[in-house]
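Okay, here's what each chain looks like letter by letter:
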Amino acid sequence: MHQLKLKRMWEDALEIDIVLTLKAKWCEVTVNEYVTIADIEALVSSLQAFNTYNGKSPKRWTLDVPLVHVSLAFELANARGTVQVNAVVEQMKGDGGDMKAAFSFETTMGQLDDLSNQIKRFIRREIDHVESLRPE
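Residues numbered from 1 in each chain as written. Predicted model: local features only at pLDDT ≥ 70, side-chain atom pairs only at ≥ 80, totals over all residues. Heavy atoms only, no water.

K.L.:
Account for the pairing of strand β4 (residues 59-65), with residues named and values stated.
P.N.:
Here is the key point about a regular strand: its side chains alternate between the two faces of the sheet. When β4 meets strand β5 (residues 68-76), the two strands line up antiparallel, connected through seven bridges. Counted as the bridge partner of Trp61 is Leu72 from β5. Hairpin connection of β4 to β5: two residues between the antiparallel strands. (Pairing = 2+ DSSP bridges. Helix = DSSP H or I, 4+ residues; strand = E, 2+ residues; numbered from the N terminus.)

What follows is the structure, given as structure tokens:
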């Protein structure tokens, strides 16, 4: 099981339609939204900053588009390199189906490296689908 999946659905010169799925043991959230390359590059920057300091400084990535707010916070869970990812997702579609979910899952520093590398390939259009972060 992968805890983070990212799929490119469509893109033009300004935006990418992505499907982002975050999955924990008892919760799964899927967001289908238009984002920019800068939004995705910010995730890579957060991952790289977290790894540069060996997890000693928690990092957060936030996607804040008009109808969706996603926040992923990365912090060390223990001294062995286990990383806790805290996810908060809010979808405000205004159609009676608004949703807010907050959950966490654990992974490893190595899995974050894998995620960062896959997202870089995604940005360069080498791949259209990212599957990463396997459970600890």
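K.L.:
Outline the packing of helix α1 (residues 37-52) against helix α2 (residues 109-123), supporting the account with residue identities and numerical values.
P.N.:
Interaxial distance between α1 and α2 falls to 10 Å at its minimum, and their mutual angle equals 150 degrees. With respect to α2, the element α1 is oriented roughly antiparallel. When the axes of α1 and α2 are compared, the crossing they make is left-handed. Contact with α1, carried on its side by Ile37, Ile40, Glu41, Leu43, Val44, Leu47, Gln48, Phe50 and Asn51, involves Met109, Leu112, Asp113, Leu115, Ser116, Ile119, Lys120, Phe122 and Ile123 of α2 and no other residues of that element. Classifying every residue of the contact of α1 with α2 by side-chain character gives 12 nonpolar, three polar and three charged. (Axes fitted to C-alpha atoms, helices over the stretch in contact; angles between N-to-C directions. Parallel < 35°, antiparallel > 145°, perpendicular 65-115°, else oblique. Left-handed = near helix turned anticlockwise from the far one by under 90°. Contact = heavy atoms within 4.5 Å. Nonpolar A, V, L, I, M, F, W, Y, C, P; charged D, E, K, R; others polar.)

K.L.:
Tell me about the pairing of β5, residues and numbers included.
P.N.:
Most of β5 sits inside the fold, with seven of its nine residues counted as buried. With nine bridges connecting them, β5 and strand β6 (residues 82-91) associate as antiparallel partners. Bridging across to β6, Glu75 finds its partner in Gln84. (Buried < 20%, exposed > 50% of the residue type's maximum accessible area, 1.4 Å probe, protein only.)

K.L.:
Tell me about the sheet that holds strand β1 (residues 4-11), residues and numbers included.
P.N.:
The strand order β3-β2-β1-β8 describes an open sheet built from four strands, whose pairing is antiparallel. Sheet topology places β3 (28-35) and β8 (129-132) at the edges, where each strand pairs with a single neighbour. The average angle at which neighbouring strand axes cross in this sheet is 15 degrees, direction not considered. Relative to β8, β1 runs antiparallel, the two being bridged by four bridges.

K.L.:
Outline α2, supporting the account with residue identities and numerical values.
P.N.:
Along its 15 residues, α2 runs 21 Å from first to last C-alpha, staying within 8% of the 21 Å computed at 1.5 Å per residue. By the burial criterion, the buried members of α2 are Met109, Leu112, Leu115, Ser116, Gln118, Ile119, Phe122 and Ile123. (Expected span 1.5 Å × (residues − 1).)

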